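This is what each chain is made of:
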Amino acid sequence: MTQSTDLQIDTFLPYMRDVIRCEQSLHELNLMWRMIESSAKMNCPLEARSILPTMAATRSGFNRLEQELVVSLVREKVTTVLSEIGTKAHYVIDIVVRNLYERTADVGFLATDKELCSFVAGLHDNQEKIRARLRAYRNKYTVYDEIILLDTHGNVLVQIDESTPIEGSTDPLITQTLTSHSYVETFRASDLRPGKQKALIYSRRMLHPETGSIVGVLCLCFHFEQEMAGIFASHRDLAGRSNMLLLDADNCVIESADPLWIPVGAKVPVNHSDSPELLMFRGREYLVRTFHAVGYQGYMGPHGWQGQVMIPVEVAFSSSHSRALDNLDADIFAGLLSHAQSFSPPLYEIMSTAETIRRVVWNGQVKTAGQHGELLKLKTILDQISETGSRSDELFAKSIGDLYSTVLASGLRDAEFTSHLLIDLLDRNLYERSDDCRWWALTPELRMALSTPERDLETISRIEDILQYINSLYTVYTCLFVYDEHGCIIACTNQEADRQLTGSYIDAETLAQVQALRTEQQYHVSPFVPTQLYGDNATYVYHAAIRDPDTTQLIVGGIGIVFDSAIELSAMLHSGLDSKQKSQAFYVNRQGVIMSTTDSSRPVGSTLDIDADLLALNNGESTSRIVIHDGEYAILGCSASCGYREFKTSDGYKEDVLAVVFESFGAVRENNQNSEKLHIPLNSNLAENEGEEYATFFIDGAMYAIPAEYVMEAQAASKISSVSMDSKAERIGVLDMQNQDEERKYVWVFDLGHLTRGRPSVIDNSSQVVVICYGGQTIGLLVSELHGVPLFQPSQIVPTPLAGQTNRMLVSHVIKANEGRLLIQTVNVPYLFDFLMEKKVPDEVSMSI
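I will try to describe carefully the structure that is included in this document. (Residues numbered from 1 in each chain as written. Predicted model: local features only at pLDDT ≥ 70, side-chain atom pairs only at ≥ 80, totals over all residues. Heavy atoms only, no water.)

## Description of the overall build of the protein
Turning to step 1, where the next piece is worked out: For the protein, the helix and strand inventory stands at 20 helices and 34 strands.
Turning to step 2, where the next piece is worked out: When each of the 849 residues of the protein is scored for burial, the buried share is 56%.
Turning to step 3, where the next piece is worked out: Look at the contacts in the protein between residues 6 or more apart in sequence, and 64% of them connect residues 24 or more apart.
Turning to step 4, where the next piece is worked out: Split by element, the accessible area of the protein, about 36,600 Å² in all, is 49% carbon and sulfur. (Helix = DSSP H or I, 4+ residues; strand = E, 2+ residues; numbered from the N terminus. Buried < 20%, exposed > 50% of the residue type's maximum accessible area, 1.4 Å probe, protein only. Contact = heavy atoms within 4.5 Å. Areas by Shrake-Rupley, 256 points an atom, 1.4 Å probe, with all protein chains shown as cover.)

In structure tokens form, the structure reads like this:
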């Protein structure tokens, strides 16, 4: 999401209690670091000279952090909220436009119905028969609450809603429709729908079946209020923090998820530019996202309609914690965190600052290791640094945890909502397919032709013309075909398949199912499997029985319509993802078999490997979680179908589908978290303690140690400069060691993890370079994370089993810490230099503890 750089921090900050607490803590710690630096300069300026530049850099970092981090945190939270409400606002208008597109096809087809046209033309006057036919249509396409036939003067010839009888209409849409060669879409008050403030009507002129002259108008009245109520009930904010709206071109509310909050007719502020600003509505400030329709199949919806979501700023940043984070595996948590730079720059900034503070404390402890006398003054300073560093760590840990949870929880909610959207799109689309096959089976010409035992070529040609006309209006089908009572296909629309299909038979199971349909409201859908009707690819084929025109209980054949699943399902998935980067979506059945996919590596018919409990998700339920998918950390959202209106809910059809969404964050990385931490007591008076100080650090999850006397300092691994001239896999680059008192020099950096485990280390923001010196030579060692510089007693340091036989080992001793619960491997520095500087040929590189 792109936002302007002039984000008004003071506008949003009062509503972010956690960020305010972070700001206060940063300010307090900044003051403490200033006091420590001043104390070091006054009490031990010479002894502290070596660490004062680092402390100054830390103080400077806190100054910058205090000014910039809060801005980043506020921006991240505002961005998250705008993204969430934007997804929902886009959905509102998208689903409405998709639904209304179907209405434009309906009115175009029904206006050419020969039986209806004959009645309007006055060729017969059987009004009850026509009303029954219109009601039969309404029983299939339940999205309409009224259907009206009018003559050219606006007189009502027949209507199906007898609760609001009308004799005629003077609505200008009648004249407009009579002069139009296409449908007319009207949304306003109309005398055709008395009692309604506004009605959404689709009208089309009707022609004489013999002369082609204009004889009347068909009006399909969409049950708009009911449809919007269903959308809002399914997708509104259950916590009631935001409101979903449908707006007209003048930014007035057409429908509201909560009309008591924002009423219909109210004019509201809009935000098309994704601007992070607060907009005022009736004395309350809101964050707002607004979207125009992007169109579907070239149809843009009613002029100027928009989807919008509004959320009051005082509740915008108080979203609940996601349950999916409660039991998140520690390894996955840490691994995801290592990719913070890519998915949350403010989070990465906090983590980087935390590592800088740890490095300052660690370097100070290293520089004073083994020193006594006046340097004990510096030890006191270091104790203060250590204590303040611990407080900083606590602040960072909480800030990291809070922001991390915010980012992930938002991603989980978005993935779950997207999967819900995808399954809703599917259910709504397939509902239309069930309507189509049942209505087309009632076509009088088809019923008459199939009730006749002998069908000549002219009859077959007439059937093909009817099917071709229907298919030209409803392009979501690749083929429409009609078969007789024996299942023999007598006509179809797919010319390429015509030679193969005509004269062939549908399978016996399907024929039996069609012949078992008792009423015209029933239908049959083939399983989603490969079929010859779809080029041996998998799809749904919808079937309805064609009945004798005089004896409706007598089935004389059937109609089959082949859904273009490859194109249509894929379009739904891509529309739901809305070009989201690093995201994939799937439709799968209860066995995990893929029905459609945006992932080219997983074709239709293969199996998607997801948890069994997801495949068993209850109908209508949605969930989300963090998983490992294709070797990457990912957020998964999953929703199970629940049907739409009567489709899959009360019509007897059962075919569960799940929508699955993955959003990837980065490759899986090894866990660098140590399960057992070293407990280090504060020992300021080291003169009274016997023992040796060791610089400790982690490689992956294991702790290692080097005698502090060999250690010079630690620097961030980000300062490593790679070189291309080296042939040693463990030698990864050079480090610039320039400081204020010395001329610039470079040291080789070696991957200590590569030496211990045999494969390269992954460098992240926790990675450090420990610089050591031995025999007049200096090198750097890449490690996963710094720990501390504790003092160990001689009794704690024991040789490894083979150390007495040879000193040619990377790890020659172990330190027993935490009462023996933690074993720390000590690096044999002389041997390490011999090996790395090629003075000796190693017998053994490392030892596993």
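Read on for the rest.
## Brief notes about the pairing of strand β18 (residues 583–588)
As a general feature of sheets, a regular strand has side chains that alternate between the two faces.
Turning to step 1, where the next piece is worked out: Taking burial as the measure, the six residues of β18 include five buried ones, the bulk of the element.
Turning to step 2, where the next piece is worked out: For β18 and strand β22 (residues 658–667), the ladder comprises six bridges, and the chain directions are antiparallel. Bridge assignment links F586 to a residue of β22, and that residue is V660.
Turning to step 3, where the next piece is worked out: When β18 meets strand β19 (residues 594–597), the two strands line up antiparallel, connected through three bridges. The residue of β19 that forms the bridge with V588 is I594.
Turning to step 4, where the next piece is worked out: Counting the residues between successive antiparallel strands, the hairpin from β18 to β19 contains five residues, one of them, G592, with a positive phi of roughly 85°. (Pairing = 2+ DSSP bridges.)

## Observations concerning the side chain of S118
Turning to step 1, where the next piece is worked out: Mapped onto the fold, S118 is located in helix α4 (residues 114–120).
Turning to step 2, where the next piece is worked out: Given the relative accessible area of 12%, S118 is considered buried.
Turning to step 3, where the next piece is worked out: Residues contacting S118, with those up to four places away along its chain left out, are L123, H124 and P209.

## Digging into the pattern of salt bridges
Turning to step 1, where the next piece is worked out: Counted by the stated rule, this structure contains 37 salt bridges.
Turning to step 2, where the next piece is worked out: As a salt-bridge pair, D613 and R625 come within 2.7 Å of each other at their nearest N and O atoms. Separated by twelve residues along the polypeptide, D613 in helix α18 (residues 612–615) and R625 in strand β20 (residues 622–629) bring together distant segments of the chain.
Turning to step 3, where the next piece is worked out: The class for D613 is partly exposed, based on a relative accessible area of 41%.
Turning to step 4, where the next piece is worked out: Linking R757 and D700 is a salt bridge whose minimum nitrogen-to-oxygen distance equals 2.7 Å. Note that R757 is positioned in helix α19 (residues 752–757) and D700 in the loop between β23 (692–699) and β24 (702–707), a separation of 57 residues in sequence. D700 shares its class with R757; the two are buried. (Salt bridge = Lys/Arg side-chain N within 4 Å of Asp/Glu carboxyl O.)

## Quick notes on the sheet that holds strand β27 (residues 746–751)
Turning to step 1, where the next piece is worked out: Read across the open sheet, the five strands follow the order β25-β28-β29-β27-β26; overall the sheet is mixed. Looking at which strands have only one partner, the edges of the open sheet turn out to be β25 (711–716) and β26 (731–736). Each strand of the sheet is rotated relative to its neighbour by a mean of 30°, with strand direction disregarded.
Turning to step 2, where the next piece is worked out: Bridge analysis of β27 against strand β29 (residues 777–783) gives four bridges, and the strand direction is parallel. Paired with W748 across the strands is I779, a residue of β29. (Axes fitted to C-alpha atoms, helices over the stretch in contact; angles between N-to-C directions.)

## A word on the sheet that holds strand β7 (residues 253–256)
Turning to step 1, where the next piece is worked out: Pairing in this open sheet of five strands is antiparallel, and the strands run β7-β6-β10-β9-β8 from one edge to the other. The two strands at the open ends of the sheet, each matched to only one other strand, are β7 and β8 (279–281). The mean angle between the axes of side-by-side strands here comes to 40°, regardless of whether they run parallel or antiparallel.
Turning to step 2, where the next piece is worked out: Strand direction decides the pairing type here: β8 and strand β9 (residues 284–292), joined by three bridges, are antiparallel. Directly across from M280, in β9, lies its bridge partner E285.
Turning to step 3, where the next piece is worked out: Lying over the sheet, helix α7 (residues 224–235) contacts β6 (243–247) and β7, oriented at roughly 55° with respect to β7.

## What about the nonpolar core?
Turning to step 1, where the next piece is worked out: Formed by 143 residues in total, the largest nonpolar core has its most connected members in F12, V74, L149, L287, W440 and Y587.
Turning to step 2, where the next piece is worked out: Of all hydrophobic cores here, the second largest spans 30 residues; its members include W362, V711, V811 and Y831. (Core = buried A, V, L, I, M, F, W, Y, C linked by side-chain atoms within 4.5 Å.)

## A few points about helix α5 (residues 127–140)
Turning to step 1, where the next piece is worked out: In a regular helix each residue adds 1.5 Å, so 14 residues correspond to 20 Å; α5 covers 20 Å between its end C-alpha atoms and thus fits that length.
Turning to step 2, where the next piece is worked out: Turning to α5, its buried residues number three or more, namely I130, R131, R133, L134, A136, Y137 and K140. (Expected span 1.5 Å × (residues − 1).)

## Structural notes on the side chain of S812
Turning to step 1, where the next piece is worked out: Mapped onto the secondary structure, S812 falls in strand β33 (residues 811–817).
Turning to step 2, where the next piece is worked out: On the basis of relative accessibility, which here comes to 8%, the residue S812 falls in the buried class.
Turning to step 3, where the next piece is worked out: Engagement of the side chain of S812 in a polar contact is seen with the side chain of H813, the distance being 3.0 Å. (Polar contact = N/O pair within 3.5 Å; in protein donor to acceptor, adjacent residues only side chain to side chain.)

## Some details on the environment of L786
Turning to step 1, where the next piece is worked out: By the element assignment, L786 lies in strand β30 (residues 785–788).
Turning to step 2, where the next piece is worked out: By relative accessible area, which is 7% here, L786 ends up buried.
Turning to step 3, where the next piece is worked out: In this structure, the C-alpha to C-alpha distance between L786 and T696, residues 90 residues apart in sequence, is 6.6 Å.

## Thoughts on the packing of aromatic side chains
Turning to step 1, where the next piece is worked out: Throughout the structure, instances matching the rule amount to 30 aromatic pairs.
Turning to step 2, where the next piece is worked out: With centroids separated by 6.4 Å and ring planes inclined at 5°, the aromatic side chains of F697 and Y704 adopt a geometry described as stacked.
Turning to step 3, where the next piece is worked out: Taking the relative accessible area as the measure of exposure, Y704 reaches 6% and is therefore buried.
Turning to step 4, where the next piece is worked out: Through pairs of rings, three or more aromatic residues link up here, namely F109, W440, Y469, Y474 and Y477.
Turning to step 5, where the next piece is worked out: Its guanidinium or amino end placed over the ring of W748, R731 lies 4.3 Å from that ring's centre, counting from NZ or CZ. (Phe/Tyr/Trp six-rings, centres within 6.5 Å; stacked < 30°, edge-to-face > 60°. Lys NZ or Arg CZ within 6 Å of the ring centre and 35° of its normal.)

## Quick word on unusual backbone geometry
Turning to step 1, where the next piece is worked out: Despite not being glycine, N251 has its phi angle at roughly 65°, a positive value.
Turning to step 2, where the next piece is worked out: In this fold, N251 is placed in the loop between β6 and β7.

## Some words on the environment of R462
Turning to step 1, where the next piece is worked out: Along the chain, the position of R462 falls in helix α14 (residues 457–473).
Turning to step 2, where the next piece is worked out: The sequence separation of R462 and L446 amounts to 16 residues, and the corresponding C-alpha distance is 9.1 Å.

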